[in-house]
Amino acid sequence: MTFIDSFRCPSLLANDSASPSQSHSSDRLPAGSDIRTRQIPARVLGLTLALTTTLFAQNGDKAGEAQSPLPAHLQVPPAPILSAEAALKTFQIAPGFEIQIVAADPLIHNPVAMTFGPDGRIWVVEMSGFMPNPDGIGEDAKVGRIVVLSDTDGDGRMDQRTVFLDGLVMPRALALIGDGVLVAEPPHLWFCRDTNGDGVSDEKTEVAADYGITTNPEHTANGLLRALDNWIYSANHTTRFRYEGKGQFTREPTDTRGQWGITQDDTGRLFHNNNSDPLRADLVPTEYFKRNPYLAAPAGSNVGIVRADLPLWPSRVTPGVNRGYKTLNAEGKITAVTAACGPLIYRGALFPAEFSGNAFVCEPSANLVKRIMLTEHDGAVIGRNAYEGTEFITSTDERFRPVNLTNGPDGALYLVDMYHGILQHRIYMTSYLRRQVEERDLAAGNGLGRIYRIVPAGKKISQAKFDLAHETTEQLVRHLHAPNSWWRDTAQRLLVERADPAAVPLLRELASSSTSPALGRLHALWTLEGLRQLDRPTVLAALTSTDERVCAAAIRLSEKWLAQAGDQEIFARVRDLPSNPTPRVTLQKALSLSSSDTPAAIVTLADIATQCGRQPFIADAIVSGLVGRELEFIKVAVAEPNGDGSAPAVTLATSALLKSGDATAINGLFATLSPAAGASVWAQAALLKGIERFLPKTPEGKPVPGTLPVAPNSLIELATHSEKPVGIQAAKLIGLLKWPGKPGLENETAVIAARLTPEQKILFEKGRAQFAAICAACHQPHGEGLSGLAPQLLYSRYVLGAERALARIVLCGKEREGRVMPPLRALDDESIAGVLTFLRQSWGHNAPPVAPSLIAEVRREIAGREEPWTDEELAKFAN
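Figured I'd write up the structure that's included with this text.

Reading the values: the criteria
- Residues numbered from 1 in each chain as written.
- Predicted model: local features only at pLDDT ≥ 70, side-chain atom pairs only at ≥ 80, totals over all residues.
- Heavy atoms only, no water.
- Helix = DSSP H or I, 4+ residues; strand = E, 2+ residues; numbered from the N terminus.
- Rg over C-alpha atoms; globule rule 2.2 N^0.38 Å.
- Contact = heavy atoms within 4.5 Å.
- Areas by Shrake-Rupley, 256 points an atom, 1.4 Å probe, with all protein chains shown as cover.
- Lys, Arg positive; Asp, Glu negative; His and termini not counted.
- Charge placed at Lys NZ, Arg CZ, Asp CG, Glu CD.
- Salt bridge = Lys/Arg side-chain N within 4 Å of Asp/Glu carboxyl O.
- Buried < 20%, exposed > 50% of the residue type's maximum accessible area, 1.4 Å probe, protein only.
- Pairing = 2+ DSSP bridges.
- Polar contact = N/O pair within 3.5 Å; in protein donor to acceptor, adjacent residues only side chain to side chain.
- Phe/Tyr/Trp six-rings, centres within 6.5 Å; stacked < 30°, edge-to-face > 60°.
- Axes fitted to C-alpha atoms, helices over the stretch in contact; angles between N-to-C directions.
- Parallel < 35°, antiparallel > 145°, perpendicular 65-115°, else oblique.
- Nonpolar A, V, L, I, M, F, W, Y, C, P; charged D, E, K, R; others polar.
- Core = buried A, V, L, I, M, F, W, Y, C linked by side-chain atoms within 4.5 Å.

**So, the overall build of the chain**
Consideration 1: Looking only at helices and strands, the chain features 27 helices and 31 strands.
Consideration 2: Whereas a compact globule of 879 residues would reach a radius of gyration of roughly 29 Å, the chain reaches 29 Å, a difference of no more than 12%.
Consideration 3: Looking at the chain alone, contacts between residues at least 24 apart form 68% of all its contacts between residues at least 6 apart.
Consideration 4: When the accessible surface of the chain is split by element, carbon and sulfur atoms take 55% of a total near 32,800 Å².
Consideration 5: In the chain, which carries 88 positive and 97 negative side-chain charges, the distance between the mean positions of the two groups comes to 2 Å.

**Looking at the pattern of salt bridges**
Consideration 1: All told, the structure shown has 53 salt bridges when counted by the stated rule.
Consideration 2: With a shortest N-O distance of 2.9 Å, Asp210 and Arg251 are connected by a salt bridge. Of this pair, Asp210 sits in the loop between strand 11 (203-208) and strand 12 (222-226) while Arg251 sits in strand 15 (residues 248-253), and the two are 41 residues apart along the sequence.
Consideration 3: By relative accessible area, which is 40% here, Arg251 ends up partly exposed.
Consideration 4: The closest approach of N and O atoms between Asp229 and Arg556, which form a salt bridge, is 3.9 Å. Of this pair, Asp229 sits in the loop between strand 12 and strand 13 (232-235) while Arg556 sits in helix 10 (residues 548-557); the two residues are 327 residues apart in sequence, bridging distant segments of the chain.

**A look at the pairing of strand 23 (residues 380-385)**
Consideration 1: Bridge count between strand 22 (residues 368-377) and strand 23: six bridges; the pairing is antiparallel. Of the residues in strand 23, the one forming a bridge with Met373 is Arg384.
Consideration 2: Hairpin connection of strand 22 to strand 23: two residues between the antiparallel strands, including Asp378 at a positive phi of 55 degrees.

**So, helix 13 (residues 583-593)**
Consideration 1: The buried count for helix 13 comes to 11 of 11 residues, which makes it a mostly enclosed element.
Consideration 2: Residues of helix 13 that are buried make contact with strand 22, helix 10, helix 11 (559-562), helix 12 (568-575), helix 14 (599-612) and helix 15 (618-624).

**Focus: the side chain of Glu139**
Consideration 1: Turning to its location among the elements, Glu139 is positioned in the loop between strand 5 (122-126) and strand 6 (144-150).
Consideration 2: For Glu139, a relative accessible area of 11% corresponds to the buried category.
Consideration 3: For Glu139, the side chain forms a polar contact with the side chain of His425, separated by 3.1 Å.
Consideration 4: With residues near it in sequence (within four places) discarded, Glu139 still touches Gly129, Phe130, Met131, Pro132, Val169, Met170, His425 and Arg426.

**Some thoughts on the packing of aromatic side chains**
Consideration 1: Taken as a whole, this structure holds 24 aromatic pairs when the rule is applied.
Consideration 2: Taking the centre distance of 4.9 Å and the plane angle of 80 degrees together, the rings of Phe91 and Phe400 count as edge-to-face. Placement of Phe91 in strand 2 (residues 91-93) and of Phe400 in the loop between strand 24 (393-395) and strand 25 (402-407) is noted, with a sequence separation of 309 residues between them. Like Phe91, the residue Phe400 is buried in the burial classification.

**A closer look at the packing of helix 23 (residues 758-779) against helix 25 (residues 829-841)**
Consideration 1: Two elements in contact, helix 23 and helix 25, have axes separated by 7 Å at closest approach and are oriented at 95 degrees. By the angle between their axes, helix 23 is roughly perpendicular relative to helix 25. Across from Gln760, Leu763, Phe764, Lys766, Gly767, Arg768, Gln770, Phe771 and Cys775 in helix 23, the residues of helix 25 making contact are Glu830, Ser831, Ala833, Gly834, Val835, Thr837, Phe838, Leu839 and Gln841.
Consideration 2: Residue composition of the contact of helix 23 with helix 25, grouped by class: eight nonpolar, seven polar and three charged.

**Regarding the sheet that holds strand 17 (residues 270-274)**
Consideration 1: Pairing is antiparallel across the open sheet formed by four strands, whose spatial order is 16-17-18-19. This sheet does not close on itself; its edge strands, each paired only once, are strand 16 (262-264) and strand 19 (303-304).

**Some details on unusual backbone geometry**
Consideration 1: Here the residue pair Asp105 and Pro106 is connected by a cis peptide bond, since its omega of 10 degrees sits within 30 degrees of zero.
Consideration 2: Its location among the elements puts Pro106 in the loop between strand 3 (97-104) and strand 4 (111-116).
Consideration 3: Backbone torsion omega between Pro186 and Pro187 reads 5 degrees, so that peptide bond is classified as cis.
Consideration 4: Relative to the assigned elements, Pro187 resides in the loop between strand 9 (180-185) and strand 10 (188-193).
Consideration 5: Even without being a glycine, Asn367 presents a positive backbone phi close to 60 degrees.
Consideration 6: Within the secondary structure, Asn367 is located in the loop between strand 21 (359-363) and strand 22.
Consideration 7: With relative accessibility at 1%, the residue Asn367 sits in the buried group.
Consideration 8: Non-glycine residue Tyr419 carries a positive phi angle of around 45 degrees.
Consideration 9: Within the element layout of this structure, Tyr419 appears in the loop between strand 26 (413-417) and helix 4 (431-439).
Consideration 10: According to the relative accessible area criterion, Tyr419 is buried, its value standing at 1%.

**Some thoughts on the pairing of strand 27 (residues 450-456)**
Consideration 1: The buried fraction of strand 27 is high, at seven of seven residues.
Consideration 2: Two strands pair when backbone bridges link them, and strand 3 and strand 27 are joined in this way by seven bridges, in the antiparallel orientation. Paired with Ile101 across the strands is Tyr452, a residue of strand 27.
Consideration 3: For strand 26 and strand 27, the ladder comprises five bridges, and the chain directions are antiparallel. Bridge pairing links Val416 to Ile451 in strand 27.

**Examining the nonpolar core**
Consideration 1: Leu149, Phe351, Phe392, Ile451, Phe633 and Leu715 are the most contacted members of the largest nonpolar core, which has 203 residues in total.
Consideration 2: Looking at this core, the element that brings in the most residues is helix 17 (residues 647-660), giving eight residues.
Consideration 3: Leu715 has contacts with Phe670, Leu673, Leu688, Ile691, Ala730, Leu733, Ile734 and Leu737, leaving out every residue within four places of it along the chain.
Consideration 4: Of all hydrophobic cores here, the second largest spans 35 residues; its members include Leu794, Ala807, Leu811 and Leu839.

**Some points on the side chain of Asp410**
Consideration 1: Residue position: Asp410 is located in the loop between strand 25 and strand 26.
Consideration 2: Polar contacts involving the side chain of Asp410 include one to the main-chain amide nitrogen of Ala412, which spans 2.9 Å.
Consideration 3: A polar atom in the side chain of Asp410 sits 2.7 Å from the side chain of Tyr414.
Consideration 4: When sequence neighbours within four positions are dropped, the list of residues in contact with Asp410 reads Leu350, Arg453, Ile461 and Asn484.

Here is the structure:
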């Protein structure tokens, strides 16, 4: 399905029911409140809109595409507004489970995210401005809130609401940090504090002014997950943050991840998704890949865990999707996700053991929650549907819109239900979907929402009060090995933020003891890292753990000692850890030892490559840390006659070295190919494959000439052996390589030097810097793109095509294969022209530079446009 087939971000309707007088209030709701009496204004608005807007085309309509009505045999039931109690009757849930109401309208409105405070209260993001009507009129109103829900009578259902912060425009996420709350209100990331103890924020400090965009709420930053490694990660954003205390944060670049929602497993691996792709993961911490800018499209980040068309089984017809006129099956149902969001790895102990580590994914356009079972084999994670022909939760209520999930302190699964009809932002809504909204009055019912608890059937959940913020340091350390992840995660955060020196010996003891629970040791190690109190003896002790999760973490945390060439003990301990039976340990050894700048580390890495080089991600892990040392590794690896297991790493190292442009090292590389060097057949094949990988490719995969700084003399010599397969391959590669002095190319350097004016050269250099800062995280430093995330720019028809089409893409964004590039219109004309000039003149490209005046002209032509461009629309600007 294409990206605009349905909902992309769970941020929906406005609240028309709460009066301004309720702001900053804390009120116990009267028993028997009837939420349905509060829906009249929204219904009137919905009916009015239905009468006045059907004649107008929608932004999501594609020129020339017929939007046929639903087949006559499909009977679409009505979609009445139900109370939370009535909605319970519409659910079908997996055997052995039940759903309980935790909070419901009118206590909450338009919830899109939640988290538990240390005292068990629930903090909720209310996004009450999104699409208050099908035209989105009024979505810029300051009606968003952060509210805190309390259960004052201990019955398990929230009954008191306190508005911590209001007056927000489309808030999307929150995280409890230090003595305040991080709040995402794009483009702002705020740190909000209550300084006088009245439960209301009275201090709001800007942490970032570039946290997402405001022009397209379906594609902007959210998440704010504080992960095991003490960094705060987001979905749909390229920066991670770390709290340093006293309201101060550090930030650094990271890869963008997913679209709406982000989660982690027990070892801190990040999982995410986008609307048309149920589940992806970073199985390698992506920060490692930033060490080597010449390693193109490394494997291990943004890994697809299940196929995108994983079967979907709604329990009701689903005509209310954006392109339902062509995507529904004969029963009137979608069969694959179009609105996947809010992923969660279940990390509790309340569910049966087989649920531990499973992924749960919200699909609001299909009114369901999917369970995906995860298994690991040889370092790879593979997912599959937990059920055939059904789902973990489905509903026959079209207004049930699950948008987020949370692990609770009690081990239960908590579900955020936005509960309303409209899912599609006006930027993408089609005329077909508009009719669906109007026919069933789906615009009615603004200001509703629920939070549910999913528990094993008949299981009594303790409602005992607690408050970790007021527990002793000793108690918090004990919570690090609690069975439910919420206690472990919260205790780690509080210990790091409290910075009590008394915690250090307790943490070191927990991390070092072989009798401590594995997850307790894991959290203790990362808590010490967060406190900057991790010492060498503790790391050495943890390296002896027989649990591969603890051992792998210890290797990662030993890197500051591995970087010291004189610490032979830690190096030897890591080197001698067994590889084959423990894929996680092997992977972490490859990642960590590749940053050790010693000959002994190179030898160890070559051994790892020989033994385990075909294991997923190992080759990429090795080469990621070898920048500037690829040739050393290649020489050691190819010297082993039976080392063909290291072929994948040799291939990657060869490609990376060639991309570096280091003439001396490249000469040395080609020398290893010389027949006189005596390279084995496997080594020659791996080196030649690396040269082939180095060659630029068109988006269709066709190789185009690559440029070398020196003549590949040994490759030329090898090509003379036409009787051998390696000679034939070498000859083919020579035809696709360019170098100074190659016959027929003597004047190419002078031509390239002369094709830019001095002013254009300045623009080019400015664009190079802007590309590295803004674009390279997704599109990669050399334009190869990132599978499942960002398209290739190298030899792209848009990069090399008409300037006006390219300018439109940058100014408004572009949708492609289920994903949308965000607009960069906030950049000035000169910056955009610089980036485009850099793209059109780099990596072997030779398209005309782009002038700032052209960007200014196009900006005027499309003033007022917010929606991203489609291929069909851009075709008219191709010439």
